[in-house]
Each structure stands twice: as structure tokens, then as C-alpha cells.
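# Coordinate inspection notes
If you want the building blocks of each chain, they are given just below.
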Amino acid sequence: MAERVSLSTMLANSQNDLPAKRMKDSFVEAHLPLGSEPQLREKYLTFHNTVRFGRILEDLDSLAVLISYSHTYNPKLRRSPLSIVTALVDKIDMRQHIIYPDRDIKFTGHVTWVGKTSIEAKMHMSQCNEGVYDPVLDATFVMVARDPENKGAAFVNPLTPEGPEEDKLLQEGEANKFRRVELSTASLLKVAPTDEERKIVHSLFLNTLDTKTVSFRSRVLPPNSVWMEDAKLKGLEICHPQERNIFNRIFGGFLMRKAYELGWANACSYGGCRPRLVAVDDILFQKPVEIGSLLLLSSQVCYTQGKYIQVRVHSEVFDPLTQQHNTTNVFHYTFISDRDVPSIIPKTYGESMLYLDGKRHFNQTVGQ
């Protein structure tokens, strides 16, 4: 880090000082030869002979960083003065539920939108099937550029689209930015639920009242339902130096893998069978995780509909010396089961807000 401090003099004073880049300047294609190099499979293989999706999340995170550095590359500098970190996983849409462990995988991606200090990178993953690569997933990551010490924002190169297709990608990136602002503004942590949502919460409450008593406290679980407080799964990770990035913080892909695996295990336990991932939505990186931290992970089934299971994973760092808890990440996963799953029922007001938040994420991902 002491070496990186000297790189601060290479930072641009404004975005206007940096040359505009094209989308193809940041294009990256990477291959994961699971089929042609069997020795790689061990790292990616599950017990059920499928690919560990948590490992794919790690690869996507690394690729997004590489794409961002490609966009900001300056051939006149030996080292980049920028510290580029993941701010948000906007969305990952699965186009195929099965990833085979004995077929080569191809990743492609490039920058599709930039702000003054932020970068949107879109990536696609496909898998070889008899010589043809079939699409598996589409991912959108938002990265932010920081100074060499990762203490303040840094400017990135502007983006110049070429042709109508790139114009459309740029407009979509701008629309994504406004959508994220609107969702943040409408967060249930900031504003009250809508009239429709309040009716949903009250209906859930009425459906759980004990008709034999006239009491607000007496609650009865409806048939084929589970109380939300009984649909949790927790985990703990000690953050060792092995999982650090070049900035001496814990690698974001590692956090995503651990959160996904806990969320998957919770969905598996809840549904009683192996669930398949439908989408990853709105993973927010609020604070970096330091080496040596105690990382507490808590997963919660927060919404269900038919065969679908919406899981929220909350991660926080616990400092045993100060006894303080600080939220670092919130993850949202949508899974689908082979059969209809029990309805999740909130009991408290706080759980009702989690239920509504889960319903919102489900509707964004799957729709009505």
C-alpha cells in the first residue's frame, strides 16, 4: 500500500482530462477449459456432478474488474493509479439452469456505461455444446474507481458509443442508473409500504389470527406454511489472508460465493429438494471486509410463490474487541424448486417488511 500512495500524482483532476474510450477497447474474452483440461474440474465440481455456481460468481467478479481496468488503461503508465472495486451486482439472469462440469466455458464482456467515477460492465457466459457455445447467463456489474489508497473517488475515462447498437446499450445503462436511484429512494428502510402492500400485510395478519380467541397476540400458522423465523440459516467465516485482493481487503467474489452457498443451502432445506438458481439481484457492497474479520452471514427465506423461493442473505462484520456489528453486504437470490413450496408467513412488522422487500425483488426478477 505504501507503494500505491505514490501513484496518486497520476490521477486525473477531472474526467475531461481523460481520453474517451470505445466499448471495444474494454472487450475481454476469457475461457475456462473444464472440458479440455480435466485437472481444473476439481475446483468447480459439486458432489452432484454439476458446477459450483459460487465459483462462477468469483470468476464474474474478477472479469468485471479486468474489463474496468481495460477501459481505464493508459499505455503511458506502468501501473494503474486506480483502485477498482465492485459496488453492485445489478443483475444476473440465468438462461440455462444446468452448467456441465465437462464442457468448456466462455466469458465475454465489455463496458456499456460510465459515470464520472463508476463503470457498468455487462458480461455473458456460454458453454460449449458439440462445438457450439450456448448462452448460460447474462450479468451486469457496477464498479467504482477509487484513489490508490481506496479512500476517495477517482475519475474514469468517458465512453463514446459507435453505432445504434452501442447507443442502445449506453441508454440502457443510463436507465439502469435511474432505476437504482428510484429503488433506493423507495426502500422500505426509508418510506412506508404502498397502500397495496399494507393490504397484503394486513391480510397475512388476519389469516394467522386464532378464531377461537379475540386477541392480537394469539397467532395460528395456516396449513402448508412456515413461520419466517423458522426459515433462517446462519454461518460464520474467519477472513484469512488467502482470500485477499490486491488492496489487502477480502475479495468480493469470495463474499459472493459464501453468501450464495448459504442461501442455496437454506432454499434446499426449505423446499426439501435441490433448488435451481433463477437470478441474482441487487447485491450491494456497502463496506469493505478487512483481513482477520469475523464475517457473520445470515440467510432468510423472505418470500415464496408456487415453486419459487426468494432468499435474502445479510452479511456483517463483527469486531470482538469493540462488540460492534457493521453491515457489509446484502444479497438477493431467486431459486426455483421441483415442487410447490410452503408459504412463508411473517409474524412481526419487521418480518413483514422483509416479506414485502422479497416480493419486490421477486417481481423485478420473475414478474407476475
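Residues numbered from 1 in each chain as written. Predicted model: local features only at pLDDT ≥ 70, side-chain atom pairs only at ≥ 80, totals over all residues. Heavy atoms only, no water.

The name given to the protein chain in an unreviewed UniProt entry is Acyl-CoA thioesterase 9, tandem duplicate 1 isoform X3, with Betta splendens as the source organism. In UniProt, the protein chain has this text filed under Subcellular location (unreviewed entry): "Mitochondrion". (UniProt positions renumbered as here; feature names shortened; annotations may be inferred.)

### Comments concerning the environment of Thr 112
Among the structural elements, Thr 112 can be located in strand β3 (residues 105-114). When the C-alpha atoms of Thr 112 and Lys 168 are compared, they prove to be 9.4 Å apart, with 56 residues separating the residues in sequence. Aside from chain neighbours lying at most four places away, what touches Thr 112 is Met 23, Glu 120, Lys 122, Leu 159, Leu 169 and Leu 170. Among the polar contacts listed, one links the side chain of Thr 112 to the side chain of Glu 120, at a separation of 2.7 Å. (Helix = DSSP H or I, 4+ residues; strand = E, 2+ residues; numbered from the N terminus. Contact = heavy atoms within 4.5 Å. Polar contact = N/O pair within 3.5 Å; in protein donor to acceptor, adjacent residues only side chain to side chain.)

### Some thoughts on the domain arrangement of the protein chain
Each assigned domain of the protein chain is listed here: domain 1 (1-179) and domain 2 (208-367). For domain 1 versus domain 2, the distance between C-alpha centres works out to 26 Å. The interface is formed by 28 residues belonging to domain 1 together with 24 residues belonging to domain 2. Both faces considered, domain 1 and domain 2 share a buried interface measuring about 2,300 Å² in area, 58% of it formed by carbon and sulfur atoms. One can count two salt bridges joining domain 1 with domain 2. The closest approach of N and O atoms between Arg 52 and Glu 261, which form a salt bridge, is 3.1 Å. In this structure, the connection of domain 1 to domain 2 is made through ten residue pairs in polar contact (both at pLDDT 80 or more). (Domains from an automatic or database assignment. Buried area = accessible area lost by both parts, 1.4 Å probe. Salt bridge = Lys/Arg side-chain N within 4 Å of Asp/Glu carboxyl O.)

### Brief notes about the pairing of strand β5 (residues 132-146)
Relative to β5, strand β2 (residues 83-94) runs antiparallel, the two sharing ten bridges. From the neighbouring strand, Met 94 faces β5, where its bridge partner is Leu 137. Where strand β4 (residues 118-129) and β5 come together, twelve bridges link them in antiparallel fashion. By the bridge assignment, Asn 129 is partnered in β5 with Val 132. (Pairing = 2+ DSSP bridges.)

### Quick notes on the side chain of Lys 21
With respect to the secondary-structure elements, Lys 21 resides in the loop between α1 (2-5) and β1 (28-32). One buried charged residue, Lys 21, forms no salt bridge at all, with the nearest opposite charge on Asp 25 at 5.6 Å. A polar contact of 2.9 Å, which involves the side chain of Lys 21, links it to the backbone oxygen of Tyr 73. Ignoring any residue separated from it by four or fewer positions in sequence, one finds Lys 21 in contact with Ser 70, His 71, Thr 72, Tyr 73, Asn 157, Pro 158, Leu 159 and Thr 160. (Buried < 20%, exposed > 50% of the residue type's maximum accessible area, 1.4 Å probe, protein only. Lys, Arg positive; Asp, Glu negative; His and termini not counted.)

### Some remarks on the pairing of strand β11 (residues 324-336)
In the sheet, strand β8 (residues 276-285) pairs with β11 via seven bridges, with the strands oriented antiparallel. Within the sheet, the bridge partner assigned to Val 280 lies in β11 and is Tyr 333. Note: strand β10 (residues 308-319) against β11, twelve bridges, orientation antiparallel. Within the sheet, the bridge partner assigned to Asp 319 lies in β11 and is Gln 324.

### Here's the deal with the packing of helix α3 (residues 53-71) against helix α6 (residues 252-271)
Two numbers describe how α3 lies on α6: the axes approach to 8 Å, and their chain directions differ by 155°. Regarding the angle of α3 to α6, the classification is roughly antiparallel. The handedness of the crossing between α3 and α6 comes out as right-handed. Across from Phe 53, Gly 54, Arg 55, Leu 57, Glu 58 and Asp 61 in α3, the residues of α6 making contact are Gly 252, Gly 253, Phe 254, Met 256, Arg 257 and Tyr 260. Here the contact of α3 with α6 is composed, by residue class, of five nonpolar, three polar and four charged. (Axes fitted to C-alpha atoms, helices over the stretch in contact; angles between N-to-C directions. Parallel < 35°, antiparallel > 145°, perpendicular 65-115°, else oblique. Left-handed = near helix turned anticlockwise from the far one by under 90°. Nonpolar A, V, L, I, M, F, W, Y, C, P; charged D, E, K, R; others polar.)

### Some remarks on the layout of surface pockets
In this model, the largest pocket occupies a volume close to 780 Å³. Along the wall of the largest pocket there are 30 residues; nearest its centre are Leu 183, Ser 187, Asp 282, Asp 357 and His 361. Secondary-structure elements contributing two or more residues to the lining of the largest pocket are β2, α4 (164-185), β8, β10, β11 and α7 (349-365). The biggest single contributor to the lining of the largest pocket is α7, with seven residues. In terms of residue class, the lining of the largest pocket is made up of twelve nonpolar, nine polar and nine charged. Formed jointly, the lining of the largest pocket draws a minimum of three residues from each of two domains, domain 1 (1-179) and domain 2 (208-367). (1 Å grid on protein atoms, 1.4 Å probe; cavity = no way out; pocket = protein on both sides within 12 Å on 5 of 7 lines; lining within 4 Å. Points joined across faces, edges and corners; volume = space filled by probe spheres on them.)

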